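Each chain, written out:
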Amino acid sequence: MATRARARAWLSAVVAALTLAGLTVASLPHAPVEQPGQVGQAQPMGAIPPPSESEQTAAVERATAVDDLLHRRATAMVNRDEAAFTATLDPRADPAFLTEQRALFANLADIPLDTWSYLLRPDDTLDLTTLAAPAADPSAELWAPAVELRYGLRGIDQIPTTRPMGFLFAKRADTWYLRSDSALTDLGRRSWRGPWDFGPCVVTPTVHGLVVAHRGSQPMVDRLVRELDSSVAAVSQVWGDNWPKKVALILPDSPVEMRALVGPDFPVESVVAVAIADRVDTARHTATGQRVVLSPTGARALSVASLRVVLRHEITHVAARAETVDGSPMWLLEGFADYVGYRDSGITLAQGAPDLAKRVRDSGPPAALPEDRDFRARDRSLDLAYQQAWSIARFLADRYGEPRLVDLYRELAGAGPISASDTDDLLRRVIGVDRAGLLKQWQSYLRATLR
């Protein structure tokens with residue numbers, strides 16, 4: 001198993017994702033109401049005077065008009081009304097943008113949407129004085145409020161997920177239009193890109209999820225479809241049924257697309273798959289925007305057995321996400337996912353952890369549990385960290401039983417970052433030993449298993 005899933009990423013949304021029904025766009029704030037005693041008050045030197053009544057009225061009218069524009073755009077998308085969709089675009093916008101928007105509309109044709117809507121935040125507006133051409137246009141009034149896309153995949157997203165969009169609007173002859181979704185990048189506001197921004201999407205549903213890919217990927221799609229439902233069932237056998245058991249697999253066409261989906265700083269070249277989420281609320285046991293994104297090159301190179309391990313590993317993260325607090329020990333999070341991935345594979349510890357086996361033979365077992373920083377390495381030490389983590393989870397299941405391993409995950413991963421003494425107390429409560437005792441037992445297990 002030379003190639004395997006090596007990391008997970010929790011991608012936090014800019015704002016909390018809320019339940020949104022249909023195409024409702026959140027109502028706009030009312031114009032500020034002048035408070036008694038404020039009329040005629042002197043302003044401190046350098047203070048910005050409050051807007052006049054006419055300015056307040058104009059601001060509300062502008063926000064209402066753009067809110068209506070976004071509502072019409074969302075409705076047109078869901079109803080597949082291309083004429084209504086393109087009517088919201090600035091006719092004087094960059095021709096490339098207009099072409100991209102028409103392609104976006106077409107690329108979404110097969111995506112099963114439960115929700116597609118926008119939330120306007122008119123109180124969060126960019127200063128456009130430094131906006132460069134061709135987006136800048138002195139013949140039009142321009143406005144750049146914060147906008148969030150809220151969308152949900154039918155059968156996948158119990159709660160719609162939220163993503164930021166860097167929209168620039170232009171007013172011409174009393175009508176507002178969308179002028180650009182990329183002109184604000186240099187001003188710090190970037191539009192999120194989905195798979196539909198990179199080409200026509202082909203969606204293949206299964207009982208427990210769907211596969212989203214692009215044209216020309218059918219052989220790999222067929223492989224994923226064959227493994228998806230059985231992988232969900234395998235994860236449920238260990239974790240239980242208390243999770244949605246619906247998974248979206250995304251197969252991008254390029255590293256650029258994968259990076260757009262998982263984050264610009266993620267090392268997409270060194271992984272074959274990653275489970276992502278936009279927001280996790282462990283108090284309410286919810287996670288939004290969960291997807292498993294596969295490498296456009298690495299995943300295709302996997303054998304059937306390797307792909308099965310990778311999918312079960314990543315789907316374990318999906319199942320456990322809502323009960324996993326960020327900052328929990330990586331040796332537990334990744335070791336547990338690998339345990340489920342390799343379970344019933346027939347692959348021995350020596351076969352699946354060759355680096356660890358060599359180390360045990362040459363110099364003995366590791367002197368400590370792997371640290372979180374080990375899972376951020378970019379060299380062979382990353383492989384060793386994952387192999388160690390898997391061996392710990394496998395040891396715990398062999399020594400204490402699989403249900404106790406699951407209990408430990410729920411307790412320790414649900415606690416998040418805690419002190420060493422609290423970790424020891426938790427370990428004693430679940431398995432009867434502290435970290436030192438766990439280390440000693442694990443070392444003995446490795447000597448017996450890998451020598």
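Residues numbered from 1 in each chain as written. Predicted model: local features only at pLDDT ≥ 70, side-chain atom pairs only at ≥ 80, totals over all residues. Heavy atoms only, no water.

Under the annotation held in an unreviewed UniProt entry, the protein carries the name Peptidase MA-like domain-containing protein and is attributed to Actinokineospora cianjurensis.

Chemist: Please set out the pattern of salt bridges residue by residue, giving values where relevant.
Modeler: Enumeration over the complete set of coordinates arrives at 28 salt bridges. Among the salt bridges present, the one from Glu 148 reaches Arg 121, with a minimum N-O distance of 2.7 Å. Placement of the pair is Glu 148 in strand β3 (residues 145-153) and Arg 121 in strand β1 (residues 113-125), with a sequence separation of 27 residues. Exposure remark for Arg 121: the relative accessible area of 30% places this residue in the partly exposed category. Two residues, Glu 402 and Arg 343, come together in a salt bridge whose shortest N-O distance is 2.8 Å. (Salt bridge = Lys/Arg side-chain N within 4 Å of Asp/Glu carboxyl O. Helix = DSSP H or I, 4+ residues; strand = E, 2+ residues; numbered from the N terminus. Buried < 20%, exposed > 50% of the residue type's maximum accessible area, 1.4 Å probe, protein only.)

Chemist: Please set out unusual backbone geometry residue by residue, giving values where relevant.
Modeler: Residues Ala 133 and Pro 134 are joined by a peptide bond in cis, for which omega reads 5 degrees. As for its placement among the helices and strands, Pro 134 is situated in the loop between β1 and β2 (141-143). At Asp 174, a residue that is not glycine, the phi angle is positive and equals roughly 70 degrees. Topologically, Asp 174 is positioned in the loop between β5 (168-172) and β6 (175-180). The phi dihedral of His 285 is positive, around 60 degrees, even though this residue is not glycine. Among the structural elements, His 285 can be located in the loop between β11 (279-281) and β12 (286-288).

Chemist: Please give an account of the side chain of Glu 148 that cites residues and values.
Modeler: Judged by relative accessible area, Glu 148 falls into the buried class, the value being 5%. In terms of polar contacts, Glu 148 uses its side chain to reach the side chain of Arg 121, at 2.7 Å. (Polar contact = N/O pair within 3.5 Å; in protein donor to acceptor, adjacent residues only side chain to side chain.)

Chemist: Give me the lowdown on the packing of aromatic side chains, citing residues and values where you can.
Modeler: Within this structure, the stated rule accounts for 16 aromatic pairs. Considering the side-chain rings of Trp 116 and Trp 196, the 6.0 Å spacing of their centres and the 65 degrees angle between planes classify their relative orientation as edge-to-face. Residue Trp 116 is located in strand β1, and its partner Trp 196 is located in the loop between β6 and β7 (201-206); the two are separated by 80 residues in the primary sequence. Each of the two residues, Trp 116 as well as Trp 196, counts as buried. With 5.9 Å between their ring centres and 75 degrees between their planes, Trp 192 and Trp 196 make a pair best called edge-to-face. Its relative accessible area of 11% is what places Trp 192 among the buried residues. (Phe/Tyr/Trp six-rings, centres within 6.5 Å; stacked < 30°, edge-to-face > 60°.)

Chemist: Any details on helix α9 (residues 354-363)? Residues and values, ideally.
Modeler: Along α9, the residues that are buried comprise Leu 356, Ala 357 and Val 360. Considered in projection along α9, the buried side chains sweep an arc of 100 degrees and stay on one side of the axis. Residues of α9 that are exposed and point over 90 degrees away from its buried face: Asp 362 and Ser 363. Each element contacted by the buried residues of α9 is listed here: α8 (349-352), α10 (380-400) and α13 (435-450). Backbone geometry just downstream of α9 places Gly 364 in the positive-phi region, at approximately 95 degrees. (Arc of directions from axis to C-beta. Contact = heavy atoms within 4.5 Å.)

Chemist: Would you mind going over the environment of Thr 125 in detail, with residue names and values included?
Modeler: Following the sequence through the fold, Thr 125 ends up in strand β1. In this structure Thr 125 comes out as partly exposed when scored by relative accessible area, which is 34%. C-alpha of Thr 125 to C-alpha of Ala 144: the two residues are 19 residues apart in sequence and 5.5 Å apart in space. Residues contacting Thr 125, with those up to four places away along its chain left out, are Trp 143, Ala 144 and Pro 145. A polar contact is formed between the side chain of Thr 125 and the backbone oxygen of Pro 122, at a distance of 3.0 Å. A polar atom in the side chain of Thr 125 sits 3.5 Å from the side chain of Trp 143.

Chemist: How would you sum up the sheet that holds strand β13 (residues 291-294)? Please name residues and give values.
Modeler: Taking strand neighbours across the sheet as the criterion, the five strands line up as β7-β8-β9-β13-β10 in an open arrangement whose pairing is mixed. Where the open sheet ends on each side, the last strands, each with one partner, are β7 and β10 (273-276). Across the sheet, the axes of successive neighbouring strands diverge by a mean angle of 20 degrees, strand direction being ignored. Note: β10 against β13, four bridges, orientation antiparallel. Bridge pairing in β13 links Val 274 to Val 293. Across the sheet, helix α4 (residues 218-239) touches β7, β8 (209-214), β9 (247-250) and β13, and the angle it forms with β8 is around 160 degrees. (Pairing = 2+ DSSP bridges. Axes fitted to C-alpha atoms, helices over the stretch in contact; angles between N-to-C directions.)

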